[in-house]
Amino acid sequence: MSVPTVAVIGAGGHGLWHRRRIAARVESGRVRLAGLCDLAPLTSEPDAPIPEGTPVFTDHRELLAETRPDIVVVCTPPHTHLPIAADAVAAGADLLLEKPPVTSLDEHRRLTALLDESGRACQVNFQALGSPALPLLRAAIGDGDLGEVRSITVTGSWRRPDEYYRRSDWAGKSTMDGRRSLDGALANPFAHAVMQALAVAGAGIPSGIEVERFRARDIEVDDTACLRLTFHDGPAILVAVTLCGEAAKIEGDLTVAGSAGKALFEYPTDRLRLPGGETETVPGRVDLLDDLIAHREQGSPLLAPLSATEPFTAVIEAVAAAPVTQIPEGHLHREGPYLVVDGVNSVIEAAGARTALFSELPAPWAIR
Ligand SMILES: NC(=O)c1ccc[n+]([C@@H]2O[C@H](COP(=O)([O-])OP(=O)(O)OC[C@H]3O[C@@H](n4cnc5c(N)ncnc54)[C@H](O)[C@@H]3O)[C@@H](O)[C@H]2O)c1
């Protein structure tokens with residue numbers, strides 16, 4: 001069987017993460033590097049080298065035409081995903097498309113149609129969908145170990161320094177070049193929290209989406225936010241997160257509460273506790289590029305196909321449409337490069353415990 005060739009478009013920024021993984025797979029003979037593309041100059045890194053002779057481009061269309069890669073990693077800012085993905089599919093490539101895959105349901109339908117017409121595959125890099133803890137949790141729910149599931153909640157409290165909002169031109173922006181750019185706590189770093197909760201629920205597009213977006217910083221998007229999703233059939237999902245957290249990090253704690261017990265799943269680390277059991281790290285995270293290669297070679301189902309992300313895109317579309325409320329300065333304080341919302345961790349924990357929105361809690365800064 002021939003070794004697939006892989007190209008990365010958007011090879012600077014987070015593209016470096018992909019280049020490292022590709023470099024390891026080039027080393028083991030699993031893939032060949034077809035070429036790299038970025039608008040900005042690229043540097044060779046010890047664990048992500050640009051070997052002599054590697055074709056490097058600033059225009060992705062030239063990369064596609066000249067290297068004809070089997071697989072294209074699209075790791076450019078979200079508002080550029082659809083046109084680049086469409087060009088890659090037209091050039092005959094399968095996609096490993098960064099999250100958020102597209103910025104609206106209309107874009108989702110357009111990309112789906114292109115994939116259907118071409119027969120190409122699209123894996124979305126929601127890497128936590130490769131967690132081996134996810135099928136264990138879903139099986140426990142399916143087997144009735146938790147009784148009737150009443151809610152799925154995810155809480156997260158992270159902190160980002162001031163420079164985070166200077167990392168790129170779309171940082172903190174709601175639109176770029178007239179298109180939705182989808183930065184913000186829910187759409188970007190905690191996109192995995194939203195997707196993971198939807199995957200645990202195994203639900204489709206929610207019938208109800210309530211969103212509350214707040215900003216401590218002078219940005220166009222949320223850095224502190226919650227959302228509650230309801231479904232015609234199935235438990236509610238509550239996500240409460242901040243990037244202006246207190247020093248004690250809340251990693252990304254997913255709790256499934258049922259009539260017969262609770263399960264806890266720390267989705268970034270694959271730590272899982274099922275009713276009556278101990279907390280354990282479940283080994284064996286599947287890399288989504290490896291999974292895409294296996295799909296190409298053996299026809300195995302993808303772990304994160306574009307189709308599975310439609311509910312996520314519906315949610316993110318509603319998030320982008322919701323207003324962002326400034327948190328008054330009197331409820332903020334500084335810890336070095338971090339801006340912290342006073343008492344935010346306990347509000348986030350209470351939101352999770354009660355499946356409540358911030359405005360339904362005693363959270364003095366959450367008055368809208
Ligand atoms: N899966 C994850 O955990 C994870 C983590 C970080 C970022 N991401 C996603 O990766 C994508 C990129 O994010 P980032 O933080 O690296 O952004 P970034 O702006 O830091 O980097 C994007 C890179 O793409 C390049 N670029 C932009 N437009 C281009 C074009 N038309 N052709 C070629 N190159 C182009 C830029 O020059 C830049 O080097 C986003 O979709 C983001 O949400 C995912």
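Residues numbered from 1 in each chain as written. Predicted model: local features only at pLDDT ≥ 70, side-chain atom pairs only at ≥ 80, totals over all residues. Heavy atoms only, no water.

K.L.:
How would you explain the site of the ligand if you had to name every residue and give the values?
P.N.:
Within the structure, the ligand sits among 24 residues, and His14, Asp38, Lys99, Gln127 and Trp170 are positioned closest to it. One nitrogen or oxygen atom from the main chain of His14 is found 2.6 Å from an oxygen atom belonging to the ligand. Here the ligand, which alone exposes 840 Å², has 82% of that area covered by the protein. When each cavity is represented as a set of grid points, the ligand is found to reside in the largest pocket. Residue composition of the shell around the ligand, grouped by class: ten nonpolar, eleven polar and three charged. Per-domain counts for the shell around the ligand show at least three residues from each of domain 1 (5-127) and domain 2 (129-270 + 306-360). (Near = heavy atom within 4 Å. Polar contact = N/O pair within 3.5 Å; in protein donor to acceptor, adjacent residues only side chain to side chain. Areas by Shrake-Rupley, 256 points an atom, 1.4 Å probe, with all protein chains shown as cover. 1 Å grid on protein atoms, 1.4 Å probe; cavity = no way out; pocket = protein on both sides within 12 Å on 5 of 7 lines; lining within 4 Å. Sits in = over half its atoms within 2 Å of the grid points. Nonpolar A, V, L, I, M, F, W, Y, C, P; charged D, E, K, R; others polar. Domains from an automatic or database assignment.)

K.L.:
Could you give an account of the confidence of the model for the protein chain, with specific residues and numbers?
P.N.:
For the protein chain, the mean per-residue pLDDT works out to 97, and 99% of the residues sit at or above 70. Across the protein chain, the element-wise mean pLDDT spans from 90 in strand β9 (residues 179-180) up to 99 in strand β4 (residues 71-74). (pLDDT = per-residue confidence, 0-100. Helix = DSSP H or I, 4+ residues; strand = E, 2+ residues; numbered from the N terminus.)

K.L.:
Could you give an account of the sheet that holds β4, with specific residues and numbers?
P.N.:
Strand order in the open sheet made by the six strands is β3-β2-β1-β4-β5-β6, with parallel pairing throughout. The open sheet terminates on both sides in strands that have one partner only, identified here as β3 (56-57) and β6 (122-124). Two elements, strand β5 (residues 94-97) and β6, share three bridges in a ladder whose sense is parallel. Bridge pairing links Leu97 to Val124 in β6. Against the sheet, helix α3 (residues 81-90) contacts β1 (5-9), β4 and β5, and its axis sits at roughly 155° relative to β5. (Pairing = 2+ DSSP bridges. Contact = heavy atoms within 4.5 Å. Axes fitted to C-alpha atoms, helices over the stretch in contact; angles between N-to-C directions.)

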